[in-house]
Amino acid sequence: MATVETVGGRIDVDELGLTLIHEHFFSSDEAVTAQWPHVRDYDREFQLAVETAQAVKSHGVKTVVEPTAMLLGRDVRASQRLAQESGLQIIVCTGVYTYDHLPQFLLNRSEDFIADLFVHDIEQGIQGTDIKAAFLKCAADEAGVNERVEKVHRAAARASVRTGAPIMAHSRPASDTGGRQVEIFLEEGVAPEKIQIAHTGDTDDLDYIQRLLDQGVYIGLDRYGIDLFLPTPQRNATTLELLGRGHVERMFLSQDFDVPIANGLDWYPPEVVEELQAAGAATDWSMTFLFESVIPTLKEGGMTDEQLNTMMVENPKRWLGV
Ligand SMILES: [Zn+2]
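Residues numbered from 1 in each chain as written. Predicted model: local features only at pLDDT ≥ 70, side-chain atom pairs only at ≥ 80, totals over all residues. Heavy atoms only, no water.

Here the focus is a negative patch on the surface. Taken together, the side chains of Asp176, Asp204, Asp205 and Asp207 define an acidic patch exposed on the protein surface. On the secondary structure map, Asp176 appears in the loop between strand S7 (167–170) and helix H7 (178–187). (Patch = residues over 30% accessible without salt bridge, like charges linked within 9 Å, V, L, I, M, F, W, Y side chains within 5 Å. Areas by Shrake-Rupley, 256 points an atom, 1.4 Å probe, with all protein chains shown as cover. Salt bridge = Lys/Arg side-chain N within 4 Å of Asp/Glu carboxyl O. Lys, Arg positive; Asp, Glu negative; His and termini not counted. Charge placed at Lys NZ, Arg CZ, Asp CG, Glu CD. Helix = DSSP H or I, 4+ residues; strand = E, 2+ residues; numbered from the N terminus.)

Here is the structure:
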């Protein structure tokens, strides 16, 4: 039986149940947190995370996978406390969330040195705890797969090859990053079924998506509710078309909902969140939008219960299990 690490310890993959593959309960700017801790409202952040965890649990979700890596404010003690208080299973990662910049410490060290850091989190534990990372996270965005981004991808790939842990790569279809990201992982010897290209659902360019699927990797249709990148009707049409083409075993549904961002606690101040909402950037965005609206619509469009189960129960088991 394959197993997977959670913040509450190692479990059989059969215990994962209904799983959201890409959501954020916690995110913050680490440098601001270290230098000006007074601007953070830890109690409010935690309370909002608990309320959100309870909301997803009410829809039958058993597990949330949280790709909050370095530079996104990973705090596994908070994640563990959230899991204990809410009863939700939470899975955490190692890796670096950067679109371009790397701190000097990593810029001037090798891919293998960085891979060692990642392996430490997978095998020993994160941030001085015995909580272990179940997967690796890296990112490519508007800056493309430049030298610094490639370095993080190669480090993640080498850590994956050494440990068997899967990789989730934030991508940006509008910058055509997916193909190059997959290419790097395959060059490093990562098996395609260990690779997930997150945010593939930000495009409805089926040729682009098909090229990724042809390589055997998983894709994340994981930003439901973020209309800024692609409105829900187009996301749904793409999902149904891919199901019709028989790709159910490589698809994930999620929302990339971020509790602090949505509540004006991190990236944007509250007044900017309001402006963005008024402009229709993410009107329906929540960690339960899938259950309240998307899944019923997909079912009307012909998605079967079995297909839903494959995407939200079986695929997480296969991708995460080691
Ligand atoms: Zn994310």
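Within the first shell, the zinc ion binds the protein through His22 (NE2), His24 (NE2) and Asp256 (OD), at distances of 2.1 to 2.2 Å. Counting along the primary sequence, the residues that act as donors to the zinc ion give the motif H-x1-H-x231-D. For the pair formed by His22 and His24, the shared burial category is buried. (Donors = N, O, S within 2.8 Å, 3.2 Å for Na, K, Ca; no water. Buried < 20%, exposed > 50% of the residue type's maximum accessible area, 1.4 Å probe, protein only.)

Our focus in this paragraph is the pairing of strand S9 (residues 218–221). Of the two faces of S9, both are covered, the one formed by Tyr218 and Gly220 as well as the one formed by Ile219 and Leu221. The pairing of strand S8 (residues 195–198) with S9 spans two bridges and is parallel. In the sheet register, Ile197 faces S9, and the bridge partner there is Ile219. Traced from S8 through helix H8 (residues 206–214) to S9, the parallel crossover comes out right-handed. (Pairing = 2+ DSSP bridges. Right-handed = clockwise from strand over helix to strand, strands pointing away.)

Moving on: the packing of aromatic side chains. Aromatic ring pairs are described here by two measures, namely the spacing of the ring centres and the angle between the planes. Applying the stated criterion to the full structure yields eight aromatic pairs. With a centroid separation of 5.2 Å and an interplanar angle of 65°, the aromatic rings of Tyr97 and Tyr99 are classed as edge-to-face. Judged by relative accessible area, which is 12%, Tyr97 ranks as buried. Between Phe105 and Phe113 the ring centres are 5.8 Å apart and the planes differ by 65°, which places this aromatic pair in the edge-to-face class. On the accessibility criterion, Phe105 (44% relative accessible area) is partly exposed. With relative accessibility at 30%, the residue Phe113 sits in the partly exposed group. Residue placement shows Arg81 over the ring face of Phe46; its charged tip is 3.6 Å from the ring centre. (Phe/Tyr/Trp six-rings, centres within 6.5 Å; stacked < 30°, edge-to-face > 60°. Lys NZ or Arg CZ within 6 Å of the ring centre and 35° of its normal.)

A separate point is the nonpolar core. In terms of nonpolar packing, the biggest core is built from 75 residues, with Leu20, Phe25, Leu82, Phe185 and Leu290 touching the most fellow members. Filtering out sequence-adjacent residues up to four positions away, Phe185 remains in contact with Cys138, His153, Ala157, Ile167, Ala169, Val190, Ile195 and Ile197. Formed by 20 residues, the second largest nonpolar core is a distinct cluster that contains Val13, Tyr97, Ala134 and Ala139. (Core = buried A, V, L, I, M, F, W, Y, C linked by side-chain atoms within 4.5 Å. Contact = heavy atoms within 4.5 Å.)

Volume-wise, the largest pocket comes out at about 670 Å³. Around the largest pocket sit 32 residues that line it, and Ile226, Phe229, Trp267, Tyr268 and Trp285 are the ones nearest its centre. Among the secondary structure elements, those contributing two or more residues to the lining of the largest pocket are helix H10 (259–262) and helix H11 (270–278). A breakdown of the residues in the lining of the largest pocket according to their chemical character gives 18 nonpolar, six polar and eight charged. Around the second largest pocket, the lining is made up of 16 residues, and of these Arg40, Tyr42, Glu45, Asp75 and Ala78 lie nearest the centre. When residues of the lining of the second largest pocket are traced back to their parent elements, those giving at least two are helix H1 (30–35), helix H2 (42–57) and helix H3 (76–86). (1 Å grid on protein atoms, 1.4 Å probe; cavity = no way out; pocket = protein on both sides within 12 Å on 5 of 7 lines; lining within 4 Å. Points joined across faces, edges and corners; volume = space filled by probe spheres on them. Nonpolar A, V, L, I, M, F, W, Y, C, P; charged D, E, K, R; others polar.)

Looking now at the packing of helix H9 (residues 232–244) against helix H12 (residues 289–300). The geometry of a pair of packed helices is captured by two quantities: the angle between their axes and the separation between those axes. At a minimum axis separation of 10 Å, H9 and H12 run at an interaxial angle of 55°. In terms of their interaxial angle, H9 and H12 are classed as oblique. With respect to the hand of their crossing, H9 and H12 are arranged in right-handed fashion. Judged by residue contacts, Thr232, Asn236, Thr239 and Leu240 of H9 engage Phe289, Val294, Thr297 and Leu298 from H12. Classifying every residue of the contact of H9 with H12 by side-chain character gives four nonpolar, four polar and no charged. (Axes fitted to C-alpha atoms, helices over the stretch in contact; angles between N-to-C directions. Parallel < 35°, antiparallel > 145°, perpendicular 65-115°, else oblique. Left-handed = near helix turned anticlockwise from the far one by under 90°.)

This part covers unusual backbone geometry. The phi angle at Gln127 is positive, at roughly 55°, despite the residue not being glycine. For Gln127, the location among the structural elements is in the loop between helix H5 (111–123) and strand S6 (135–139).

Glancing now at the side chain of His247. Note that His247 resides in the loop between H9 and strand S10 (251–253). The exposure class of His247 is buried, given its relative accessible area of 16%. Here the side chain of His247 touches Gln210 through a polar contact of 3.2 Å, side chain to side chain. The contact partners of His247, leaving out residues within four places of it in the chain, are Gln210, Leu213 and Leu242. (Polar contact = N/O pair within 3.5 Å; in protein donor to acceptor, adjacent residues only side chain to side chain.)

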